[in-house]
Amino acid sequence: MTQTAPARHIGRTTLYFFGALGGILFGYDLGVISGVLPFIGKLWALTSWDKGVITASLSVGAIVGALFSSRTNEALGRRRTIMVAAGIVIVGTLAASFSPTFVLLVLSRLVIGLGIGLSSSTVPTYLSELAPAKWRGAMGALNQIFIVLGILIAFLVSYWLGPISAWRWMFAGAIVPAAVLLAGLVFLPETPRWLVKNGQEDEARRVLASAHGNTVNLDEEIATIHEVIRLDTEEKPRIRDLFSGFVRPMLVVALLLAIGQQFSGVNAINAYFPTMLIGLGFATQAALLSGVLLGVTKFLFTAWVVFVVDRWGRKPLLLIGNVIMVLTLVAAGLVVLNVHDTGTRGLLMLVMMVLYLVGYELGWGAVVWVMMSEVFPLKYRATGMGVSSVVLWAATGIVSAVFPIISDPKSLGIGGSMFLFAGVNVVLFVLTKWLVPETKGRTLEQIELDLRARQGVAAKS
């Protein structure tokens, strides 16, 4: 039996802060490449393909990390898996900071991605299994707040170090959140659901009392967790099981959310917006400053979503976000194709991208990670999150690798690329309206039990 140190009586703020801090690793390493590319592009004479490879290498590594996340989650627990991820990121970041060549930088980004993949598929599960039902949406959205905070920090660091072209120090900045995360999790508990599943009920009770306070009936909560575990212990979870029975509809929803989040175009903006502006005639520092403004927008609206996700619901926010993204992407495409004054075009593009990110962060930013961790039954949660994260990172890699090519003037160009992403968001609106359920205000066990009942596989008494 796995042994776990006794739970400390800690405040919920501390618990969720360190639990969500893994999002900063995710965000910083996604965002920092936007500040690095303008410098290494000139230094190493990179082609559009080269830029795509360096950017997408993080996603490739993350796919591998996400593939292993299910096994490490079940074997080590959620907490230790995140700690391992933080250690891997530190090693990869040191390697990236000292990389002398293009090839070694790509390999270093692959290592960083391995840690990010483990973290990104585990942190939402960690948060959702610790949070009370009425706060779970807000606590899950904390993960996205920290992701966008990491992106904002990366943009600020890039702007600050831009005048001295210190791109190596831009990479090195990721060591700070990784080290804080690693240190903080030493003092935090494992989730009660994993503890109960591994025969540590007394410890699970202490964690529930520490995390939920007086908002939960401990006996009732433990009994509910035991009931779901009883239903889920007939056979060990396998990936192929996700494609059968009552689990399949939820897998479809999770994959739609994972693919849609990236195909909406967000990481083309996160990673390449300064490069886009430079291509439209902006100076490097002005382009990096514009990135900071985008980061501030992402952070403010993600923080706002925390206060509305459990009142407005998940699905309405997804749909509202799609509408805003479609309108702003179409407008951005028209600006690129029809406005020829460099200053005016750059300013209008900045306005459109700010509004685009408002739509994204309202819906597909925070809500996706919340819902992916909610829809899977306990037995399949780690496996389902692992598969969903693999697909999400694969989609990220595709967008990151392809965007420099399709946005090249010899291909679709920046304007045509904006129209393409707008079309994708129209499709996402239709699929979300049709397929995605509402999950607000229900415990994870209620979601699973209701799903079983609807599919005619309710538990035997």
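Residues numbered from 1 in each chain as written. Predicted model: local features only at pLDDT ≥ 70, side-chain atom pairs only at ≥ 80, totals over all residues. Heavy atoms only, no water.

> Before we go on, may I ask you to explain the environment of leucine 94 in this structure?
As for its position among the elements, leucine 94 is in helix α4 (residues 78-97). Here leucine 94 falls in the partly exposed class, since its relative accessible area comes to 40%. Counting along the chain gives 18 residues from leucine 94 to isoleucine 112, while the straight-line C-alpha distance between them is 9.6 Å. (Helix = DSSP H or I, 4+ residues; strand = E, 2+ residues; numbered from the N terminus. Buried < 20%, exposed > 50% of the residue type's maximum accessible area, 1.4 Å probe, protein only.)

> I tried to follow a nonpolar patch on the surface on my own but got confused; where do I start?
Where nonpolar side chains cluster on the molecular surface, the patch consists of Val323, Leu327, Val426, Phe429 and Val430 and spans about 420 Å² of accessible area. Of all the secondary-structure elements, those providing two or more residues to the nonpolar patch are α16 (314-338) and α19 (413-435). If one sorts the elements of the nonpolar patch by residue count, α19 sits on top with three residues. Residue placement: phenylalanine 429 occurs in helix α19. (Patch = residues over 30% accessible without salt bridge, like charges linked within 9 Å, V, L, I, M, F, W, Y side chains within 5 Å. Areas by Shrake-Rupley, 256 points an atom, 1.4 Å probe, with all protein chains shown as cover. Salt bridge = Lys/Arg side-chain N within 4 Å of Asp/Glu carboxyl O.)

> Got a minute to help me understand the nonpolar core in this structure?
The nonpolar side chains of a soluble globular protein tend to be buried, and buried together. Counting 130 residues, the largest nonpolar core has Leu257, Met353 and Met372 as its most contacted members. Here this core takes 18 residues from helix α17 (residues 342-375), the largest share from any one element. In this structure, methionine 372 is in contact with Ala254, Leu257, Ala258, Met385, Ser388 and Leu392, ignoring residues within four places of it in sequence. (Core = buried A, V, L, I, M, F, W, Y, C linked by side-chain atoms within 4.5 Å. Contact = heavy atoms within 4.5 Å.)

> Sorry if this is basic, but what is going on with the environment of leucine 46 here?
Here leucine 46 is to be found in the loop between α2 (22-43) and α3 (48-76). Looking at leucine 46, the relative accessible area reads 12%, which means it is buried. For the pair leucine 46 and phenylalanine 102, spaced 56 residues apart in sequence, the C-alpha separation works out to 8.8 Å. Once you skip the residues sitting within four places of it in the chain, leucine 46 turns out to touch Ile40, Gly41, Lys51, Ile54 and Phe102.

> So what exactly am I meant to see when it comes to helix α14 (residues 284-306) here?
Because the α-helix completes a turn every 3.6 residues, residues three or four places apart line up on one side. Taking 1.5 Å of rise per residue, the 23 residues of α14 would be expected to cover 33 Å, and the 34 Å separating its terminal C-alpha atoms lies within 8% of that figure. Inspection of α14 places Ala287, Leu288, Ser290, Gly291, Val292, Leu294, Gly295, Thr297, Lys298, Thr302, Val305 and Val306 among the buried residues, and these make up the whole buried set. (Expected span 1.5 Å × (residues − 1).)

> Is there a simple way to explain the packing of α4 against helix α8 (residues 175-185) in this structure?
In a pair of packed helices, the angle between the axes and the distance between the axes together describe the arrangement. Between α4 and α8, the shortest axis-to-axis distance is 9 Å and the interhelical angle comes to 155°. Relative to α8, the element α4 is oriented roughly antiparallel. Along this stretch, α4 crosses α8, giving a crossing that reads as left-handed. For the pair α4 and α8, the contacting residues are Arg79, Ile82, Met83, Ala86, Val89, Ile90, Thr93 and Leu94 in the first and Ile175, Ala178, Ala179, Leu181, Leu182 and Leu185 in the second. Looking at the contact of α4 with α8 residue by residue, the classes come out as 12 nonpolar, one polar and one charged. (Axes fitted to C-alpha atoms, helices over the stretch in contact; angles between N-to-C directions. Parallel < 35°, antiparallel > 145°, perpendicular 65-115°, else oblique. Left-handed = near helix turned anticlockwise from the far one by under 90°. Nonpolar A, V, L, I, M, F, W, Y, C, P; charged D, E, K, R; others polar.)

> Explain the side chain of serine 290 here, please?
Its place among the elements puts serine 290 in helix α14. Excluding anything up to four places from it in sequence, serine 290 contacts Phe273, Leu277, Phe282 and Leu350.

> What is the right way to look at the packing of aromatic side chains in this model?
Between two aromatic rings, the relevant description is the distance of the centres plus the angle of the planes. Using the criterion set out here, one finds five aromatic pairs in the structure. Aromatic side chains phenylalanine 26 and tryptophan 393 sit 4.9 Å apart centroid to centroid with 35° between the ring planes, which places their arrangement in the tilted category. One end of the pair, phenylalanine 26, is in helix α2; the other, tryptophan 393, is in helix α18 (residues 378-406), and 367 residues separate them in sequence. You'll find phenylalanine 26 and tryptophan 393 in the same group, each marked buried. (Phe/Tyr/Trp six-rings, centres within 6.5 Å; stacked < 30°, edge-to-face > 60°.)

> Would you explain the side chain of arginine 109 in this entry?
Note on placement: arginine 109 falls in helix α5 (residues 102-130). Although buried, arginine 109 forms no salt bridge, and the nearest oppositely charged side chain, aspartate 29, lies 4.9 Å from it. Looking at arginine 109, its side chain comes within polar contact range of the main-chain oxygen of isoleucine 54, at 3.3 Å. In contact with arginine 109, other than residues within four places in its own chain, are Asp29, Val32, Ile33, Ile54, Thr55, Ser57, Leu58 and Phe171. (Lys, Arg positive; Asp, Glu negative; His and termini not counted. Polar contact = N/O pair within 3.5 Å; in protein donor to acceptor, adjacent residues only side chain to side chain.)

> Would you mind showing me how to read the environment of leucine 337 here?
With respect to the helices and strands, leucine 337 occurs in helix α16. What makes leucine 337 partly exposed here is its relative accessible area of 47%. Spatially, the C-alpha atom of leucine 337 lies 6.0 Å from that of glycine 415, the residues being 78 residues apart in sequence. Residues contacting leucine 337, with those up to four places away along its chain left out, are Gly415 and Phe419.

> Could you clarify how one ought to interpret unusual backbone geometry in this entry?
Leaving glycine out, the prevailing phi sign among residues is negative, and the prevailing peptide bond configuration is trans. A positive phi angle, close to 50°, is found at alanine 45, a residue other than glycine. As for its placement among the helices and strands, alanine 45 is situated in the loop between α2 and α3. The exposed category is assigned to alanine 45, whose relative accessible area is 59%. Positive phi, close to 55°, is recorded for serine 165, a residue that is not glycine.

> Explain the packing of helix α13 (residues 266-279) against α17 here, please?
The geometry of α13 relative to α17 is characterised by a closest axis approach of 12 Å and an angle of 165° between their N-to-C directions. Considered as vectors, α13 and α17 are oriented roughly antiparallel to each other. When the axes of α13 and α17 are compared, the crossing they make is left-handed. Between α13 and α17, the residues in contact are Val266, Ile269, Phe273, Met276 and Leu277 and Gly346, Met349, Leu350, Met353, Tyr356, Leu357 and Tyr360, respectively.

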